[in-house]
Protein chains: 2
Amino acid sequence: MLAKTSVDGSLRALRTLRLLVLVSLCVFISVSAASSPAQEEDSAMENIVTEKKAEESHRQDSADLLIFILLLTLTILTIWLFKHRRFRFLHETGLAMIYGLIVGVILRYAVQVPREPRVILPSCVNSSPATLLVNVSGKLYEYTLKGVNSGNEMTDNEMLRKVTFDPEVFFNILLPPIIFHAGYSLKRRHFFQNMGSILAYAFVGTVISCFIIGLLMYGCVTLMKHLGRLGGDFFFTDCLFFGAIVSATDPVTVLAIFHELQVDVDLYALLFGESVLNDAVSVVLSSSIVAYQPQGDNSHTFEAMALLKSLGMFLGVFSGSFSLGVATGIVTALISFLFTKLRDFQLLETALFFLMSWSTFLLAEACGFTGVVAVLFCGITQAHYTFNNLSPESQDRTKQLFELLNFLAENFIFSYMGLTLFTFQNHIFNTMFIVGAFLAVFVGRAANIYPLSLLLNLGRRNKIRSNFQHMMMFAGLRGAMTFALSIRDTATYARQMMFSTNLLVVFFTVWICGGGTTQMLSCQRIRHFSKNVQLRLIYCFSFNRVGVDSDQENSVSKQRDEKTYKRRSTKQESAWLFRIWYNFDHNYLKPILTHSGPPLTTTLPPCCGPLARFLTSPQAYENECQLKDDDSDLILTDGDISLTYGDITVSTDATGAHTSSGLAVDDLDRELAYGDHELVMRGTRLVLPMDDSEPPFTDHLRM
Amino acid sequence: MLAKTSVDGSLRALRTLRLLVLVSLCVFISVSAASSPAQEEDSAMENIVTEKKAEESHRQDSADLLIFILLLTLTILTIWLFKHRRFRFLHETGLAMIYGLIVGVILRYAVQVPREPRVILPSCVNSSPATLLVNVSGKLYEYTLKGVNSGNEMTDNEMLRKVTFDPEVFFNILLPPIIFHAGYSLKRRHFFQNMGSILAYAFVGTVISCFIIGLLMYGCVTLMKHLGRLGGDFFFTDCLFFGAIVSATDPVTVLAIFHELQVDVDLYALLFGESVLNDAVSVVLSSSIVAYQPQGDNSHTFEAMALLKSLGMFLGVFSGSFSLGVATGIVTALISFLFTKLRDFQLLETALFFLMSWSTFLLAEACGFTGVVAVLFCGITQAHYTFNNLSPESQDRTKQLFELLNFLAENFIFSYMGLTLFTFQNHIFNTMFIVGAFLAVFVGRAANIYPLSLLLNLGRRNKIRSNFQHMMMFAGLRGAMTFALSIRDTATYARQMMFSTNLLVVFFTVWICGGGTTQMLSCQRIRHFSKNVQLRLIYCFSFNRVGVDSDQENSVSKQRDEKTYKRRSTKQESAWLFRIWYNFDHNYLKPILTHSGPPLTTTLPPCCGPLARFLTSPQAYENECQLKDDDSDLILTDGDISLTYGDITVSTDATGAHTSSGLAVDDLDRELAYGDHELVMRGTRLVLPMDDSEPPFTDHLRM
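On a predicted model such as this, the values are computed, not experimentally measured, just so you know.

## Thoughts on the environment of Phe318(B)
Residue and element names in this part refer to chain B.
- By the element assignment, phenylalanine 318 lies in helix 11 (residues 304-338).
- Judged by relative accessible area, phenylalanine 318 falls into the buried class, the value being 9%.
- Along the primary structure phenylalanine 318 and serine 336 are separated by 18 residues, whereas in three dimensions their C-alpha atoms are 27 Å apart.
- Not counting residues up to four positions away in its chain, the partners in contact with phenylalanine 318 are Phe203, Ala280, Val281, Val284, Met313, Val373 and Phe377.

## Quick word on the pattern of salt bridges
- Counted according to the given criterion, the structure contains eight salt bridges over all chains.
- Among the salt bridges present, the one from Glu403(A) reaches Arg397(B), with a minimum N-O distance of 3.2 Å. Placement of the pair is Glu403(A) in helix 14 (residues 392-423) and Arg397(B) in helix 14 (residues 392-423), with the two residues belonging to separate chains.
- Exposure remark for Glu403(A): the relative accessible area of 24% places this residue in the partly exposed category.
- Put simply, Asp489(A) and Arg495(A) hold a salt bridge, and the shortest N to O gap is 2.7 Å.
- For Asp489(A), a relative accessible area of 24% gives the class partly exposed.
- Judged by relative accessible area, which is 12%, Arg495(A) ranks as buried.

## A few points about the confidence of the model for chain A
Residues and elements named next belong to chain A.
- Across chain A, the average pLDDT comes to 72, with 64% of residues at 70 or higher.
- The secondary-structure element of chain A with the lowest mean pLDDT is helix 26 (residues 646-653), recorded at 33, while helix 15 (residues 431-459) shows the highest, at 93.
- Across residues 151-155, confidence stays below pLDDT 50; counting only partners more than four residues off in sequence or on other chains, it has 12 contacts.
- pLDDT under 50 marks residues 530-574. Its contacts with residues more than four places away, or in other chains, come to 95 contacts.

## Notes on the packing of aromatic side chains
Residue and element names in this part refer to chain A.
- Applying the stated criterion across every chain yields a total of 60 aromatic pairs over all chains.
- Where phenylalanine 68 meets phenylalanine 412, the ring centres are 5.1 Å apart and the plane angle is 45°; that geometry is what we call tilted. Here the residue phenylalanine 68 occupies a position in helix 2 (residues 50-85), and phenylalanine 412 occupies one in helix 14, the gap between them amounting to 344 residues. As far as burial versus exposure is concerned, phenylalanine 68 and phenylalanine 412 are alike and both buried.
- Among the aromatic residues, those joined into a ring-pair cluster are Phe68, Phe165, Phe170, Phe412, Tyr416, Phe424, Phe483 and Phe499.
- When the ring centre of phenylalanine 468 is taken as origin, the NZ or CZ atom of arginine 465, which lies over that ring, is 4.4 Å away.
- Arginine 495 extends its terminal NZ or CZ atom over the ring of phenylalanine 241, reaching a point 4.1 Å from the ring centre.

Cut-offs applied
- Residues numbered from 1 in each chain as written.
- Chains lettered and ligands numbered in written order.
- Predicted model: local features only at pLDDT ≥ 70, side-chain atom pairs only at ≥ 80, totals over all residues.
- Heavy atoms only, no water.
- Helix = DSSP H or I, 4+ residues; strand = E, 2+ residues; numbered from the N terminus.
- Buried < 20%, exposed > 50% of the residue type's maximum accessible area, 1.4 Å probe, protein only.
- Contact = heavy atoms within 4.5 Å.
- Salt bridge = Lys/Arg side-chain N within 4 Å of Asp/Glu carboxyl O.
- pLDDT = per-residue confidence, 0-100.
- Phe/Tyr/Trp six-rings, centres within 6.5 Å; stacked < 30°, edge-to-face > 60°.
- Lys NZ or Arg CZ within 6 Å of the ring centre and 35° of its normal.

Take a look at the structure:
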């Protein structure tokens, strides 16, 4: 026993040592890898062959990408340490930014690579073609247009230019998986229950926030012009554009903590739903503002036609992207519904799912809509319909795949954000503008949350309490979307100043607001799960761990839960609107698109009998008998609408906040990790309140 | 009952109908998506703004990519149909090529998009810088060098140019996951058992094949020159280069059928191992041949120094890439060994694994080595060490992730291959060259397999029988690697002719050889599993399906198997070489790098006691008692070296080939699908023959 303890101790010491060595090795490699090939470039310059140069450039690209990979690796190792030690003041994204900052500082001040001589051609041509062929000593070299050169680059450090990615990478490669994942994990009962409020915050709120920020910034900019602090043009449309891009909230840090602490699900749903949807609104809004171009020379003035055109564009692009996303989701659901035997080949199934989701993005972009928005609604549709048709293995696989992609993309963006604070060459930090922006962002968020909550509370029976409102105000972090939108175009003075300011806003909100979430939660007395309640949860879920037969398991645990917890509030908001939608969805869409749902023969009027029989899948009949479908989350008892099932019911029943149990902490923690995991798996079922009882379910329960 | 049957029938009819609609819809969308934005380009041309153009180009890119996504979707749906109906004459890669061909024909002959006017600049400069700034009416436009324009493009169809990917995409994005996956799934006992033969085929064989093909092609080319059938230069180095790239075999089709039919594992290991390793040899060989450049004007002659340089480069690049790959693998193993608690966060674990594997590629490329080769050896190392340290969930996740990436990349490459036959604009089809190449490829393969087998059989106790040799000869398909290597550079006449010829070689081998595998197997009387034996297998694995506790389950089923099947041949080849390696690996590397393996305290000499205790993980002691480690696949009985465990032993015991059982076929099929799946899971354990019995295991068994 003694020997074992000493082994343990020495092992721990060894591990810490090795950790240190590894970390320093990582940093060393990343920096040396980045600098060495660039230095070689000089010696290779003698032999000016195109292939050599292309090879060098490829090596340099590899080295640059390697920096980010090693940064992410470091982030993962550190964040593991934080998770293991339960530090909640810094989320992985915040950490990624810090590491990015450090590497940015090193690259900027420690590595000096002289700029490659660039050739400026006189105006041989009077247009800018996409491809240019240059005749160099008999050979034709092909050049492709990269964009307009902004010209005012401050330093001549080649290294900094090299680590700068094409801004479109963020929008076309990194954002889609993040947004899709958000949509795909949105399949939560509470999201649909709070749909009305979420839509209000996301649409009305974002527009309010955009215009408030825009107006305030216009005031600020006008003041700056008077004081002579403005170094270039800054029009009202620029202000509005700033308002639009900075209105996209991204409370990933806050939500991670909410999830970990099992904070109130309504609050979670409100925040998550708002943040997911306002990204979409913000993208389309900003592109509509850019499209506002009054005709003639007299630009930057008000013109009704241009405004209408912008408005039309907003509606057109949004509804187009929305329909496209939903359409692809439905096609995928149909395919997985028709090719039921695909379930036997999980690889094919997963690949198909992945490809169809990706094609949504491409299709939307090819049609001139916004791919990111389409992908979001595709994700929601996939989660709602296609997910039910997948085999359990593929359900896990797709979830895990998009979880991984989301994780990598998110941390990549945040570490790039940190890096770019020092490596971006056209920063314009204007103190007045920054102060104004922070104020405007604060006021804009307040103008979104408080008035809307007031209005919504008039209609809601389940009020949004003031501490929830404060929390939502506090959780208005800015993140990946704001960054991707503002780095997309940094050609003008206004855009450069916006970009620099946005970076600071993101840093501040992620570090300060994100880091202070736990404090804010306890300050606002927002109850979350105690360990005791979590333990009970684990008990409920421990049956379910293997994840093979969760449907059957569900119904068992549900019946148990039903007896245990019946205190669910009967006050449900938005029911009037969504009962219509829910009925339609449950009676017609689900049976047509998925194998869950009741057979159409029971939901369609008798006159449509043959059609109903034709369209109903044989499994639907089985489901009818076995109560095996997705909607079985909703268990109705004799006309009562108390909703009862595992995860959610416990949450509202959790009154013993902050009580801690005296169990062995380490084992418990591991158990909790599993429990959390299961919670996510189980938490993604849509259930809506209904007070008219459905014949098949209630009959079944009465039996 | 009657009603149900009629519902079934009508449902089936409906499904077929819907399938047809879907497929035609897919094709329609893919083609219209590809053509419509291109046509819009014309109308948009009025407003020549750079941003507009960039946007158009982005939309076009999205549409092009969409074609491929929809192609892959179609491939998946069709291949599912084939798998479901058990058609074995066409593999998914062959099918992807066919669809690619069809779309290629459509794009070439049905869609005519006039070429965008290209501007050719006179030689304003006398070098070719990487970046070019062009002054167009006051604004500086930035252009980046894309490469030398070959000039002799036959058609002016813009569409064809647009669907052409940058060749480096294949090498840097699509090949790495394929190669990594190959390495990662190479963790099979029989691979290590046949290591000697595999290395011989892969190294000696590929070099032989390369030179034989090179010489034959040189003869062919010389003859063509005499007959005046050659339209350009074709040097001896070009012939050798052709030999190198066409020597990379890719029997993915054959192996899929082998796997499905459970063909002899030794044959499987030989073919798979050879194909994986000869890819690496072929890459390095071809780059070494390109590097052969005699100095001075007198190029394309023999020069000893240049040859030595090439040879040195071959050795340097190969060993460099090898060491890099192994090193990164070991670093990952160390990290996962040290950060044991990472197991609690599977997402972090999987992300880390993915990033480390990717960084191998980037690191190798940044250092000037070959990323693909490094990734291969990294994959092998990861499978051998890191895999053991991962949590079961992460083991599944990583396997599934790379399986998916491999599947997508492979089918993408093959469908692009099909497309490119019609869309590539510089094809040179020379009948004589093609006939010569087919002959040379055949002779080269024969010169690899038969003489080497003869030599190897001298040393092997478990001979490679002649029917195995014929099968290996037959399974010399060419695939992704040959394609990626030959599309990389199509600048000269010789390279263009090679590319066209290689395409035909790939098509022929994949369709004809791949499609005829089942026929060839029965023709060569190579026995494979009957359904009876498979049923027995299912019985063995059915316990194991959930995959949670496979280690413990293994030992149970193994002990059972041990009693049942003891007829395993005792003749083991290569034991003398690999026993040394195996002992070292098992006694020192595994304990240091993984949690499996015996504690170092038992394997190191007593004088190193403190060091051993310091380095041994506490889990190793537990493992010692529980026989829980990876090597427990190796069960030794009293000095006998008969190796006994589930999957493999049954296979050699399968004598009742082609007997069919009278069980319900459909249920059985599903069972078999599961069984196969399990087989893969279980089949990836390394075990090596040892006739000196290891104390811990034998002791345990004797107890």
